[in-house]
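Residue-level listing of the chains:
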Amino acid sequence: MEKNRTWQSFWLTLIVLVVLIALFWLPRISLGGTELRRVNLLSDVQRLDQGGNNLAELLADSLDGYVKERIDSAAIAVPQLAYVDSVPEGMVVIEDFADVDGLHREMDRFYAALDEARQRPVRIAYFGDSYIEGDIITMDLRAQLQQRYGGCGVGLVEISCISSDFRRSVITKRDSWTAYHANEKGRGFKPALQGIAGSYFIPADSATFEMRGTKSLYPGLLDTAAVATLYFTPGEGLSISSSLNRGPAELLYSNGPAQIPETYEELVEVIDSDSIVTYETVTRVVLPEQQDAGAIIAKSVQGRVGRWNLTVQGGTGSRFYGAAFDGTAGISVDNFSLRGSGGQHIGKIPLETLQGFASVRPYDLIVLHFGLNVANEKQKNYAYYASQMGKVIKHLQAAFPKASILVVSVADRDTRGPDGQMHTMDGVRELLSYERKMASDCGVAFWNLYQAMGGDGSIARMAEKKQANLDYTHINFAGGRHLAGLLFDVLMNGKANYDERTH
C-alpha cells in the first residue's frame, strides 16, 4: 500500500514559507549597480506611503525599529518668490527670480532682444554635459526659434570634439590639429588657455579645417548660412587663407611678413598714386595686421555659405577655438557640451577670455544645463556644488552683463526600485531643489526640466517611446526634439507675457 505523503508536503511548504519570510529581512542586495527587489510575499496587499514606498520595507530598513525621517528637499528655503507668468494647463513655466522691488526680471532682456531679431543677431549660449552632446536639444530649439524669428546656420562649432563624427547638424573635417579639452586634463590641458567651450586647439605648421552645412535636416536653415566666422588668438607669423564653396583661396588673416609685389601692376595697387618710388626701393608694401597678444580675434566672410575651407600656416603660439555659421540677423544657438562635466569648468575660464568673446560674440541668453554627473543614489546635500555653480553664474554675469541667464534643472535619471519598476534616482529631486535655490540666490531664471518631462520615471517612459537610451539617463535625437519643443513653448509663453506687460 502506498504511503500517505500529506505530512511531507505540509512540512516542505512550511519550510519554503519560513525561508521566504526570512529572505524579506535580509539586507538589500545590489547587482551591477541595480538594487534587487526584496522578497515580499505580501507586497500586493500591504499599505504604501504617499511616496509609494512600502511601509513594512521602510520599517525593515530602519535600524532602530522606526521609519526613518525622509528629507523633503522641496522644503529648502527660497528667500524670495519667483515671478511666474500665466500658465497654460500642463506647462511647467520658467521661474524668473529677480529683484525684490520688481524692477528687474532676468528673462526680460532676452525677450526684449527677440524684438530686435529681424535687425541683428540674437545669440544663445547653451552650456551642458553629455545630455546635449551632438547638438541634441539645441539643434531643434535653434530651428524652432529661427523659424519664428529668422536666422540660419549652426552657430559656433569647435574645431574638434567627441561628438564631431555623429553630430547631424554640421559636417566638419580637420587635419594636423592638437585638441585640448577641460575634461581631459591629463593630456596637457591648461585652464588659462581655454576658450568659451572649455577647449582650445593648436595647429601644426600647416593645418586645415573644413566646415559645411547639412541638407537632410531643416533645409534652408542648416545647409547654407550668410556669415562664416573664425575665432582664434594669433601667435607670431600666422597666416590664414579661406575658400568659400570650393572657390579660390583668399587671405583671411596675416600678421607675418608680407610678400613683396612681383610685378609693377601689383605694386601700384598698394602704393598711393601720388607717391614716387621705384620697385627696387620697396622692401615692404603690405603691412601685416597688428593684433594684441592674447586677444580673441574674429575674422568673417559673407555670402551664401555652404562650405568653408581654412588653411592655417605658421603662427607659433596661436590658439583656435572654433568657427561659426550664422545669419546676418535672426537667432543663433551655440551648443557648448562637455561630457562628464558638472559645469564647474566654466568658472576656470579666464574672465578676460570671456570678456573677449563678449566683445566679438555677445550673447542675449546663457543657458546652464548640468547635474547629470552630479546627482547620485546616496547624496542628499548638494550645497557645495550649488555654491560652486553660484560662482560660475557670477563669473558669467561679470563677462556678459547684458545677457539673461537661465538655469535648466537636472533631468530625470532612473534606476530600478525594490518594486521592480523604474523610478527616479535618489538625489535627482534633492539636486534640483538646490539648483532652484542657487538660481534664486543669484537672481537668475530657473526651469524645472525634471517636472516638465513628467517627473518620476519619465526617462523610462521616454525610453519606451524610443526617445531615450536604455541607460535610463540620456535622451536621443528624438527625445531632444521632444524636450526642445517643451522649452520652446515655455520661452514663447514667457515672451507673450512680456509683451502683455510692456506693450
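Since the model is a prediction, treat every value here as computed from it, not as a measurement.

### A short note on the overall build of the chain
Regarding its fold elements, the chain presents 11 helices and 20 strands. Expressed as a percentage of the 503 residues in the chain, the buried residues total 50%. Of the contacts formed within the chain by residues at least 6 apart in sequence, a portion of 73% connects residues at least 24 apart. With the model as given, the accessible surface of the chain reaches about 25,300 Å², and the carbon-plus-sulfur share is 53%.

### What about the pattern of salt bridges?
By the definition in use, this model includes 18 salt bridges. Here Lys 437 makes a salt bridge to Asp 441, at a shortest N to O gap of 3.0 Å. One end of the pair, Lys 437, and the other, Asp 441, are both in helix α8 (residues 428-442), four residues apart, so they sit about a helical turn from each other. Looking at Lys 437, the relative accessible area reads 25%, which means it is partly exposed. Overall, Asp 441 belongs to the partly exposed group, its relative accessible area being 45%. Each of Asp 115, Lys 495 and Asp 499 takes part in a single network of salt bridges with overlapping partners.

### A closer look at the packing of aromatic side chains
In this structure the tally under the stated criterion is 12 aromatic pairs. Between Trp 177 and Phe 320, the aromatic rings sit 5.2 Å apart at their centres with planes inclined by 80 degrees, giving edge-to-face as the arrangement. Placement of Trp 177 in strand β7 (residues 170-181) and of Phe 320 in strand β14 (residues 319-326) is noted, with a sequence separation of 143 residues between them. When the ring of Phe 189 is compared with that of Tyr 200, the centres are 5.8 Å apart and the planes differ by 35 degrees; the resulting orientation is tilted. Here Phe 189 is found in the loop between β7 and β8 (199-213), whereas its partner Tyr 200 is found in strand β8, with 11 residues between them in sequence. On the basis of relative accessible area, Phe 189 is assigned to the buried category, the value being 10%. Residue Tyr 200 is classed as buried on the basis of its relative accessible area, which comes to 2%.

### Here's the deal with the sheet that holds strand β5 (residues 121-128)
Spatially, the seven strands line up as an open sheet ordered β3-β4-β20-β17-β16-β5-β15, and their pairing is mixed. Each edge of the open sheet carries a strand with a single partner, namely β3 (83-84) and β15 (330-337). Direction of pairing for strand β16 (residues 365-369) relative to strand β17 (residues 404-408): parallel, over a ladder of five bridges. Directly across from Leu 368, in β17, lies its bridge partner Val 407. Packing against the sheet, α8 makes contact with β4 (95-96), β17 and β20 (445-447), and its axis sits at approximately 160 degrees to β20. Docked against the sheet, helix α11 (residues 477-502) engages β5, β17 and β20, running at close to 140 degrees with respect to β20.

### Structural notes on α11
Compared with an ideal rise of 1.5 Å per residue, which puts 26 residues at 38 Å, α11 spans 37 Å between its outermost C-alpha atoms and is within 8% of the ideal. By the N-cap criterion, in which a side-chain oxygen at the helix start approaches the backbone nitrogen of a residue two or three places on, α11 is capped by Asn 476, the distance to Ala 478 being 3.1 Å.

### Brief notes about the confidence of the model for the chain
Per-residue confidence for the chain gives a mean pLDDT of 83; residues scoring 70 or more make up 78%. In the predicted structure, residues 30-37 sits below a pLDDT of 50 and forms 15 contacts with residues beyond four places in sequence or in another chain. Ignoring residues within four places in sequence, the model shows residues 43-75, a span with pLDDT below 50, making 42 contacts including any to other chains.

### Some remarks on the nonpolar core
Counting 52 residues, the largest nonpolar core has Phe 127, Ile 196, Ile 366, Leu 396 and Phe 400 as its most contacted members. Among the elements of the structure, β5, β14, α6 (351-360), β16, α7 (383-399), β17 and α8 are those that each provide at least two residues to this core. Not counting residues within four places of it along the chain, the set of residues in contact with Ile 196 comprises Phe 127, Leu 156, Phe 336, Ile 349, Leu 354, Phe 357, Tyr 363 and Phe 400. Ala 113, Leu 114, Leu 365 and Phe 488 belong to the second-largest nonpolar core, a separate cluster that totals 45 residues.

### Looking at the environment of Phe 166
Along the chain, Phe 166 turns up in the loop between β6 (155-157) and β7. Looking at Phe 166, the relative accessible area reads 37%, which means it is partly exposed. Not counting the four nearest positions on each side in its chain, Phe 166 is found in contact with Glu 133, Gly 134 and Phe 477.

### Some remarks on the pairing of β16
Across the five residues that make up β16, a large majority, five, are buried. Burial along β16 is two-sided: Leu 365, Val 367 and His 369 and Ile 366 and Leu 368, pointing in opposite directions, are all buried. Two elements, β5 and β16, share five bridges in a ladder whose sense is parallel. Pairing of Phe 127 across the sheet is with Leu 368, part of β16. Traced from β16 through α7 to β17, the parallel crossover comes out right-handed.

Conventions and cut-offs
Residues numbered from 1 in each chain as written. Predicted model: local features only at pLDDT ≥ 70, side-chain atom pairs only at ≥ 80, totals over all residues. Heavy atoms only, no water. Helix = DSSP H or I, 4+ residues; strand = E, 2+ residues; numbered from the N terminus. Buried < 20%, exposed > 50% of the residue type's maximum accessible area, 1.4 Å probe, protein only. Contact = heavy atoms within 4.5 Å. Areas by Shrake-Rupley, 256 points an atom, 1.4 Å probe, with all protein chains shown as cover. Salt bridge = Lys/Arg side-chain N within 4 Å of Asp/Glu carboxyl O. Phe/Tyr/Trp six-rings, centres within 6.5 Å; stacked < 30°, edge-to-face > 60°. Pairing = 2+ DSSP bridges. Axes fitted to C-alpha atoms, helices over the stretch in contact; angles between N-to-C directions. Expected span 1.5 Å × (residues − 1). Polar contact = N/O pair within 3.5 Å; in protein donor to acceptor, adjacent residues only side chain to side chain. pLDDT = per-residue confidence, 0-100. Core = buried A, V, L, I, M, F, W, Y, C linked by side-chain atoms within 4.5 Å. Right-handed = clockwise from strand over helix to strand, strands pointing away.

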